[in-house]
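# Topology and contacts: notes
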Amino acid sequence: SVSDSVALTDTVIPSIKKSLSELEKGIPAFKLACEAGLARTSGEARRLIAQGGIYVNDRPVERFDEKIDTSHLNEHREIHLRKGKKIHVVITLK
């Protein structure tokens, strides 16, 4: 469920919040893609990842079960998810 928004340049990018403990454990990429609204189902998320269509911080996700964790946080303590070229979601810490 996408709730808040983070302003990047002049466009508003949807964001979802995750707790530090969730990110310390790591969240499988396909699950995060679903939670972020980039895919409607786990199956769709897996297909998108298999086709190279989901990106974390501009790097294609290679395995559907790749763990997205605190190592992916940038200097603003955010993780940028992207589907294709245009659909962006930012993961922020609660």
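Just so you know, these numbers come straight off a predicted model, no measurement behind them. (Residues numbered from 1 in each chain as written. Predicted model: local features only at pLDDT ≥ 70, side-chain atom pairs only at ≥ 80, totals over all residues. Heavy atoms only, no water.)

## Structural notes on the overall build of the protein chain
The number of helices and strands found in the protein chain is three helices and eight strands. Going through the 94 residues of the protein chain one by one, you find that 41% of them count as buried. A sequence separation of at least 24 residues applies to 51% of the contacts in the protein chain between residues at least 6 apart. Here the protein chain displays about 5,600 Å² of accessible surface, and carbon together with sulfur accounts for 51% of that area. (Helix = DSSP H or I, 4+ residues; strand = E, 2+ residues; numbered from the N terminus. Buried < 20%, exposed > 50% of the residue type's maximum accessible area, 1.4 Å probe, protein only. Contact = heavy atoms within 4.5 Å. Areas by Shrake-Rupley, 256 points an atom, 1.4 Å probe, with all protein chains shown as cover.)

## A few points about the pattern of salt bridges
Scanning all chains against the criterion turns up six salt bridges. Across the pair Lys 18 and Glu 22 runs a salt bridge whose closest N-O atoms are separated by 3.6 Å. For Lys 18, a relative accessible area of 9% puts it in the buried group. Judged by relative accessible area, which is 26%, Glu 22 ranks as partly exposed. Taking the shortest distance from any N to any O, the salt bridge between Arg 82 and Asp 58 comes out at 3.2 Å. Placement of the pair is Arg 82 in strand β7 (residues 78-83) and Asp 58 in the loop between β4 (54-56) and β5 (59-60), with a sequence separation of 24 residues. (Salt bridge = Lys/Arg side-chain N within 4 Å of Asp/Glu carboxyl O.)

## Focus on the nonpolar core
By size, the foremost hydrophobic cluster in this structure holds 23 residues, and its most contacted members are Leu 32, Leu 38, Ile 54, Ile 79 and Leu 81. Elements that contribute at least two residues to this core include exactly α2 (29-35), α3 (42-50), β4, β7 and β8 (87-93). Of all the elements, α2 adds the most residues to this core, at four residues. Beyond its immediate chain neighbours, meaning those up to four positions away, Ile 54 contacts Ala 33, Leu 38, Leu 48, Ile 49, Arg 59, Pro 60, Val 61, Arg 82 and Lys 83. (Core = buried A, V, L, I, M, F, W, Y, C linked by side-chain atoms within 4.5 Å.)

## Digging into the packing of aromatic side chains
Considering all chains together, one arrives at one aromatic pair under this definition. When the centroid spacing of 5.5 Å and the interplanar angle of 55° are considered together, the rings of Phe 30 and Phe 64 count as tilted. One end of the pair, Phe 30, is in helix α2; the other, Phe 64, is in the loop between β5 and β6 (67-68), and 34 residues separate them in sequence. The class of Phe 30 is buried, set by a relative accessible area of 14%. The ring centre of Phe 30 lies 4.4 Å from the NZ or CZ of Arg 46, which sits over that ring. Above the plane of the ring of Tyr 55 lies Arg 82, whose end atom (NZ or CZ) is 4.0 Å from the centre. (Phe/Tyr/Trp six-rings, centres within 6.5 Å; stacked < 30°, edge-to-face > 60°. Lys NZ or Arg CZ within 6 Å of the ring centre and 35° of its normal.)

## Considering the pairing of β7
A regular strand carries its side chains on alternate faces of the sheet. Of the strand pairs in this sheet, β4 and β7 are connected by three bridges, and their pairing is antiparallel. Its bridge partner lying in β7, Val 56 is registered against Leu 81. Bridge count for β7 against β8 is six bridges, and the pairing is antiparallel. Its bridge partner being in β8, Lys 83 is matched across the sheet by Ile 87. Hairpin geometry of β7 and β8 is characterised by an intervening segment of three residues between the two adjacent antiparallel strands and by a positive phi of about 65° at Gly 84. (Pairing = 2+ DSSP bridges.)

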